[in-house]
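A structural walkthrough
Here is what each chain is made of, one letter per residue.
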Amino acid sequence: MRIVVAMKQVPDTAEVRIDPERNTLVRDGVPSIMNPFDAYALEEGLRWKDALGGEVIALTMGPPQAEAILREAVSMGADQAVLLSDRAFAGADTWATSHTLAAAVAKLAPVDLVLTGKQAIDGDTAQTGPGMAATLDWPQLTFVGRVLGIEGGRIRVERYVEGGVETLDSSLPAVVTVLKDANTPRMPSLRGKMKARSLQVTVWTAADLGLPQSETGLEGSPTRVVRIATPESRSGGEIHRGSPEELAAILADILLGEGGGE
Amino acid sequence: MSARLEIRTDVCTGCGLCTSACPFGALSLVDGTASVSDACTLCGACESSCPFGAILIRRTGTVAEGISGYSGTMVIAESREGAIDHSTLELLGAARAIAEAEGGPVSALLITSVAGDGPKVLSEHGADVVVVVEDPALGHYLTEPRAAITRRIITERKPAIVLAAATTTGRDLMPRVAKLLNTGLTADCTSLSFDPGKGCLLQTRPAFGGNIMATIVCEGTRPQMATVRPRVMKALDPDPSRTAEIVRIAPEPGELVSRVRLEGFRVLDEGIADIAEASVIVSGGRGMKTPENFSLLSEIAGLLGGSVGASRAAVDSGWIPYPHQVGQTGKTVQPRTYLACGISGAVQHRVGMQSSDTIIAVNRDETAPIFQFCSEGFVGDLFEILPALAKEIRRRRGSA
Ligand SMILES: Cc1cc2nc3c(=O)[nH]c(=O)nc-3n(C[C@H](O)[C@H](O)[C@H](O)COP(=O)(O)OP(=O)(O)OC[C@H]3O[C@@H](n4cnc5c(N)ncnc54)[C@H](O)[C@@H]3O)c2cc1C
Ligand SMILES: Nc1ncnc2c1ncn2[C@@H]1O[C@H](COP(=O)(O)O)[C@@H](O)[C@H]1O
């Protein structure tokens, strides 16, 4: 099995604040982390490598400092790391991102499986995985809560949808986007950490991928952000204090008055 | 289309107005003149902030060619066993509002194994044209056949705008189709409006975990595609006098091929299945202390006909399974009433529930952040208040 895990470095959105006067994102001092969902994608890749043999390649597109998450991936057990970095990649939307990542997967051929996180916590789009599948003309399995098995060139998964769980079976190669239900990511090992320290990250540019500027970064992005704003904040409502019985009575007024009563 | 930001160093005075105007922190002063980094999205905020005209965004390319001939709004319908999803009716409501400004027709695309009275329902809720692709092989949703058919019909009918619900189906289908059509897709929009001047759909959505709202446009390619968060847009009341033109199109045999096979579908227990659709959610956090205490919540949820939700802290502690989790890494919910018990209201939780109509918080710490944004706050011990509440509801029901 040759498995590629696509992962993204993101600002820890728990820490992102808006400057209320200028209405801009305050990024100073905001730590960059591995997109939390991608740890589940990586763990899933490592599990199937452990079971079936083969290798796991961690792949990211980003500025040079994004290699930090690739080292983290290697410390957890990834075998190789590829960083797609080029000024031409900057400002990519999900069309250009999935286009660029798909070109890298094609260059890494033969690849049996591409895993991604469910979504990145900065953009929250969940579009990159399906975009890669479309570009590669591979089947896609999204919102996967469990990989049941990989055998004979096929993969079986559970996909969590509104109202239930689908069991799906697909030919490989395929793109699978993973939910956090799938597993519990492992901790970095000591051996992994040492390997990560001495790791040579492979860096590819647009030229290495054979992509024209019109298909990458800002130029290759059909969408454009034209405005950002702070969401309207709700102000706090009425605060009630009192004995449990008094509070329960007010609560019941609100809850049953809201249409819960018969 | 391509665009680039140009800074005229001969005119720039290094005043720094642009650096504070840039929402993305992409501008800085280097040696007394403005300089732009990779974080730039070409949003244009700096261009209008510069009193000296030192910043120009140059747009070049073939916008008009790529977009001519496209008009109207197409809604991708979702249905289950012949019944149209409510989210689809909401999209039709949004599409009608767009059509007022855009001018083109509203169409609905229904791909299904049983159309039933679906076309009639779509028509009554605002579609001018219903395109029906009905085939026994198109029962349960599978990505590849839907993507192939959707792509072909968009190419043939040329809508300027395509909307789908931001359900697991819409969020699976749309990115595949948008990539194949080489056009833009905006995820999980919570507000849409049409700018007649630019001829563009302004698509607004939360990003960065709900910390910001971003407005996104797709100027140079068509259609402009968006998934729209369920329960945000309003469906119109059905108007039985509306009669849409029905267009029946057969799938081409090659379009029905799928490399993915459905082996089974398991309906999850109600409580799990429908927090995203529940109108009342009783949610618990770390303050619940043990898994057993969640029965307090299910009891009240049961009395109110609601579902049980949870914060990540409760899910991570193993007190309740992940499908119940509300928030950034869980589900986004928008019930009429959200009762948060022993939940502090951290931003990652808040983004998943802040659009609820009424948020009620029970927490013993009056400085908890949730009291800053709830509609009604109750300061006290949930282990005393919730049992008293259950008793009170029973008493009122009994005597009513
Ligand atoms: C990338 C990322 C993604 C995340 N995604 C999510 C997400 O999707 N959903 C989510 O919920 N969180 C998410 N989190 C975690 C989030 O930041 C908070 O840690 C979490 O929401 C806290 O849960 P809590 O409110 O239950 O616990 P706490 O913050 O510990 O709050 C417990 C509250 O219960 C109150 N309490 C305790 N005992 C009682 C009692 N007897 N009676 C009344 N009140 C009592 C306390 O006063 C306190 O306010 C995410 C974090 C990160 C970094
Ligand atoms: N720049 C990137 N480099 C590598 N993987 C990415 C990148 N952007 C997104 N991904 C992958 O695609 C998933 C979905 O991201 P998104 O579509 O941005 O929500 C992430 O969880 C990653 O696995």
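Residues numbered from 1 in each chain as written. Chains lettered and ligands numbered in written order. Predicted model: local features only at pLDDT ≥ 70, side-chain atom pairs only at ≥ 80, totals over all residues. Heavy atoms only, no water.

Focus on the state of the cysteines
Residues and elements named next belong to chain B. For the coordinates displayed, the defined rule picks out zero disulfides over all chains. A disulfide-free cysteine, C18 has its sulfur positioned 6.2 Å from the sulfur of C12, the nearest such atom. With relative accessibility at 8%, the residue C18 sits in the buried group. No disulfide involves C189; its sulfur sits 12 Å from the nearest other cysteine sulfur, which is in C218. By relative accessible area, which is 0% here, C189 ends up buried. (Disulfide = S-S within 2.5 Å. Buried < 20%, exposed > 50% of the residue type's maximum accessible area, 1.4 Å probe, protein only.)

What to know about the interface of chain B and chain A
Each partner contributes residues to the interface: chain B has 105 residues there, and chain A has 93 residues. Here chain B and chain A share an interface that buries about 8,600 Å² over both sides, 53% of which is from carbon and sulfur atoms. Per-residue buried area on chain B facing chain A is highest for K179(B), F208(B) and R259(B); these three make up 9% of the total on that side. Counting every contact that joins chain B to chain A gives nine salt bridges. (Contact = heavy atoms within 4.5 Å. Buried area = accessible area lost by both parts, 1.4 Å probe. Salt bridge = Lys/Arg side-chain N within 4 Å of Asp/Glu carboxyl O.)

Some points on the packing of helix α3 (residues 94-107) of chain A against helix α4 (residues 128-136) of chain A
To describe two helices that pack against each other, one gives the angle between their axes and the distance between the axes. Residue and element names in this part refer to chain A. Their axes nearest at 8 Å, the elements α3 and α4 cross at an angle of 55 degrees. Relative to α4, the element α3 lies oblique. Between α3 and α4 lies a crossing whose hand is right-handed. Contacts between α3 and α4 involve T94, T97, S98, H99, L101, A102, V105 and A106 from the first element and T128, G131, M132, T135 and L136 from the second. The residue inventory of the contact of α3 with α4, partitioned by class, reads six nonpolar, seven polar and no charged. (Axes fitted to C-alpha atoms, helices over the stretch in contact; angles between N-to-C directions. Helix = DSSP H or I, 4+ residues; strand = E, 2+ residues; numbered from the N terminus. Parallel < 35°, antiparallel > 145°, perpendicular 65-115°, else oblique. Left-handed = near helix turned anticlockwise from the far one by under 90°. Nonpolar A, V, L, I, M, F, W, Y, C, P; charged D, E, K, R; others polar.)

Overview of the pattern of salt bridges
For the structure on display, the rule yields 33 salt bridges over all chains. For R186(A), the salt bridge goes to D50(A), with nearest N and O atoms at 3.2 Å. Taken together, the residues R186(A) in the loop between β12 (174-178) and α5 (190-198) and D50(A) in helix α1 (residues 36-52) connect sequence positions 136 residues apart. The closest approach of N and O atoms between R152(B) and E156(B), which form a salt bridge, is 3.4 Å. A residue pair is termed a helical-turn pair when its members lie 3 or 4 positions apart in one helix, as R152(B) and E156(B) do in helix α6 (residues 143-157) at four residues. Judged by relative accessible area, R152(B) falls into the buried class, the value being 15%. Salt bridges sharing common partners tie together E43(A), R47(A), D50(A) and R186(A).

Looking at the sheet that holds strand β19 (residues 307-310) of chain B
Sheet architecture is open: six strands sit in the order β15(A)-β22(B)-β21(B)-β20(B)-β18(B)-β19(B), paired in parallel fashion. The open sheet has two edge strands with one neighbour each: β15 (238-240) of chain A together with β19 of chain B. The sheet shows a mean angle of 20 degrees between the axes of neighbouring strands, direction not considered. Strand direction decides the pairing type here: strand β20 (residues 337-341) of chain B and strand β21 (residues 358-363) of chain B, joined by five bridges, are parallel. (Pairing = 2+ DSSP bridges.)

A word on the site of ligand 1
Taken together, 28 residues are adjacent to ligand 1, and R286(B), S311(B), T329(B), S344(B) and Q348(B) come closest. In this structure, ligand 1 is bordered by residues of chains A and B. Here K289(B) contributes a side-chain N or O atom positioned 2.9 Å from a nitrogen atom of ligand 1. A distance of 3.1 Å separates a nitrogen atom of ligand 1 from a polar atom in the backbone of R364(B). When isolated, ligand 1 has an accessible area of 990 Å², and the protein chains bury 84% of it. Of all the secondary structure elements, the ones that give two or more residues to the shell around ligand 1 are α10 (312-316), α11 (347-350) and α13 (382-399) of chain B. (Near = heavy atom within 4 Å. Polar contact = N/O pair within 3.5 Å; in protein donor to acceptor, adjacent residues only side chain to side chain. Areas by Shrake-Rupley, 256 points an atom, 1.4 Å probe, with all protein chains shown as cover.)

Observations regarding the domain arrangement of chain A
Partitioning chain A into domains gives domain 1 (2-215) and domain 2 (231-262). Taking only C-alpha atoms into account, the centre of domain 1 of chain A sits 44 Å from that of domain 2 of chain A. (Domains from an automatic or database assignment.)

Observations regarding the site of ligand 2
Residues and elements named next belong to chain A. Around ligand 2 sit 18 residues, and of these A6, D38, A120, T125 and T128 come closest. Taking D38, its side chain carries an N or O atom lying 2.4 Å from an oxygen atom of ligand 2. Contacts to ligand 2 include G117, whose backbone N or O atom sits 3.0 Å from an oxygen atom. In the complex, 97% of the free accessible area of ligand 2, which totals 480 Å², lies under the protein chains. Secondary-structure elements contributing two or more residues to the shell around ligand 2 are β6 (55-61), α3 and β8 (113-117). Tallying contributions element by element places β6 first for the shell around ligand 2, with three residues.

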